[in-house]
Amino acid sequence: DVKVTQSSRYLVKRTGEKVFLECVQDMDHENMFWYRQDPGLGLRLIYFSYDVKMKEKGDIPEGYSVSREKKERFSLILESASTNQTSMYLCASSLLEGNSNQPQHFGDGTRLSIL
Amino acid sequence: SQKIEQNSEALNIQEGKTATLTCNYTNYSPAYLQWYRQDPGRGPVFLLLIRENEKEKRKERLKVTFDTTLKQSLFHITASQPADSATYLCALDGMNTGFQKLVFGTGTRLLVSP
């Protein structure tokens with residue numbers, strides 16, 4: 001079974017801090033994703049990576065950056081945390097298999113509170 | 001822009017009945033549609049994938065239909081159990097973004113009473 005591990009289940013940070021969220025997957029998946037999930041808004045894609053050192057902006061990249069130095073690890077960075085970034089953050093991975101839509105495997109999320 | 005709609009009101013049913021959840025989409029013709037289950041405080045878990053040229057897909061007590069004319073997918077759980085209580089999300093491959101990304105609906109909460 002694919003395992004996607006997010007480094008923290010709960011995190012509390014202060015406004016203006018630089019925040020790192022880490023995600024590791026153990027199935028050699030090419031694709032990795034960062035989402036945030038808010039009530040009534042569903043999952044929204046922040047950033048996506050299809051290979052080491054490659055990244056693409058999702059729907060809401062403002063205020064975030066990402067890093068993928070190794071295939072198994074995808075980090076989300078909040079450059080200067082703000083209260084509107086309080087949310088549940090979910091990491092996912094999937095296989096890159098030609099022109100086909102592969103299931104995504106999710107971690108259990110990090111609930112981030114910015115005070 | 002593409003829009004995915006799932007009923008935001010919770011669906012309450014009795015154990016043993018069939019639960020039917022709806023996913024409607026507009027302004028788009030996806031090639032794939034996926035369904036996920038999400039329990040409180042956990043990440044979504046993949047359940048089923050159906051392609052545009054497939055009308056129906058089954059897995060144990062789960063059945064998904066995909067009507068590209070109506071732009072709708074139905075998700076059925078037969079002989080429902082209290083353990084089926086969760087939020088169910090539908091997801092489509094993102095328009096003009098290739099097949100690697102998904103766009104998710106907001107989900108419908110299912111409550112199965114004993």
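Shown above is the structure to which this text applies.
What this report covers is the structure whose coordinates are included nearby. (Residues numbered from 1 in each chain as written. Chains lettered and ligands numbered in written order. Predicted model: local features only at pLDDT ≥ 70, side-chain atom pairs only at ≥ 80, totals over all residues. Heavy atoms only, no water.)

### Thoughts on the interface of chain B and chain A
Facing the 18 residues of chain B at the interface are 27 residues of chain A. Summing the contributions of chain B and of chain A, the shared interface buries around 1800 Å²; its carbon and sulfur component is 51%. Connecting chain B to chain A are 2 salt bridges. Residues B:Arg42 and A:Asp108 are paired through a salt bridge, measuring 3.0 Å at the closest nitrogen-oxygen approach. When contributions to the side of chain B that touches chain A are tallied by element, the ones reaching two or more residues are β4 (32-38), β5 (45-51), β9 (86-93) and β10 (102-104) of chain B. For the side of chain B that touches chain A, the element with the most residues is β4(B), which contributes 4 residues. Taken together, the residues that form the side of chain B that touches chain A break down as 9 nonpolar, 6 polar and 3 charged. (Contact = heavy atoms within 4.5 Å. Buried area = accessible area lost by both parts, 1.4 Å probe. Salt bridge = Lys/Arg side-chain N within 4 Å of Asp/Glu carboxyl O. Helix = DSSP H or I, 4+ residues; strand = E, 2+ residues; numbered from the N terminus. Nonpolar A, V, L, I, M, F, W, Y, C, P; charged D, E, K, R; others polar.)

### With respect to the pairing of strand β6 (residues 56-59) of chain B
Residues and elements named next belong to chain B. Here β6 pairs with strand β7 (residues 62-67) via 4 bridges, running antiparallel. By the bridge assignment, Lys57 is partnered in β7 with Val64. Taking the residues that link successive antiparallel strands as the turn, the β6-β7 hairpin has 2 residues, and the phi of Glu60 there is positive, at about 55°. (Pairing = 2+ DSSP bridges.)

### Some details on the sheet that holds strand β1 (residues 4-6) of chain A
Residues and elements named next belong to chain A. In space, the 4 strands of this open sheet follow the order β1-β3-β8-β7, with antiparallel pairing throughout. Whereas interior strands pair on both sides, the edge strands pair on one side only; in this sheet they are β1 and β7 (64-70). Taking each pair of neighbouring strands and ignoring which way they run, the sheet shows an average axis angle of 20°. In this structure, β7 lies alongside strand β8 (residues 73-78), joined through 5 bridges in antiparallel fashion. The residue bridging Val66 from the neighbouring strand is Leu76, located in β8. (Axes fitted to C-alpha atoms, helices over the stretch in contact; angles between N-to-C directions.)

### With respect to the sheet that holds β6(B)
Residue and element names in this part refer to chain B. Read across the sheet, 5 strands follow the order β1-β3-β8-β7-β6 without closing on themselves; strand pairing throughout is antiparallel. Looking at the sheet topology across the chains shown, the edges are occupied by β1 (3-6) and β6. The average undirected angle you get between the axes of adjacent strands in this sheet is 15°. The sheet contact formed by β7 and strand β8 (residues 72-77) spans 6 bridges and is antiparallel. Bridging from a neighbouring strand, Phe66 pairs with Ser73 of β8.

### Considerations on the state of the cysteines
Simply put, disulfide is the name for a covalent bond between the sulfur atoms of two cysteines. In total, this model carries 2 disulfides over all chains according to the counting rule given. Disulfide pairing places A:Cys23 opposite A:Cys91 at an S-S distance of 1.9 Å. Its S-S torsion of about -75° marks the bond between A:Cys23 and A:Cys91 as left-handed, since a negative value means left-handed. Remark: A:Cys91 occurs in strand β9 (residues 87-94) and A:Cys23 occurs in strand β3 (residues 19-25); sequence separation between them is 68 residues. Residue A:Cys91 is classed as buried on the basis of its relative accessible area of 0%. Between the sulfur atoms of B:Cys23 and its disulfide partner B:Cys90 the distance amounts to 2.0 Å. Judged by the torsion about the S-S bond (60°), the B:Cys23/B:Cys90 disulfide is right-handed. Here B:Cys23, found in strand β3 (residues 19-26), pairs with B:Cys90, found in strand β9; they are 67 residues apart in sequence, far enough to count as distant. Judged by its relative accessible area of 0%, B:Cys23 is buried. (Disulfide = S-S within 2.5 Å. Buried < 20%, exposed > 50% of the residue type's maximum accessible area, 1.4 Å probe, protein only.)

Any link to function would need more than the numbers given here.
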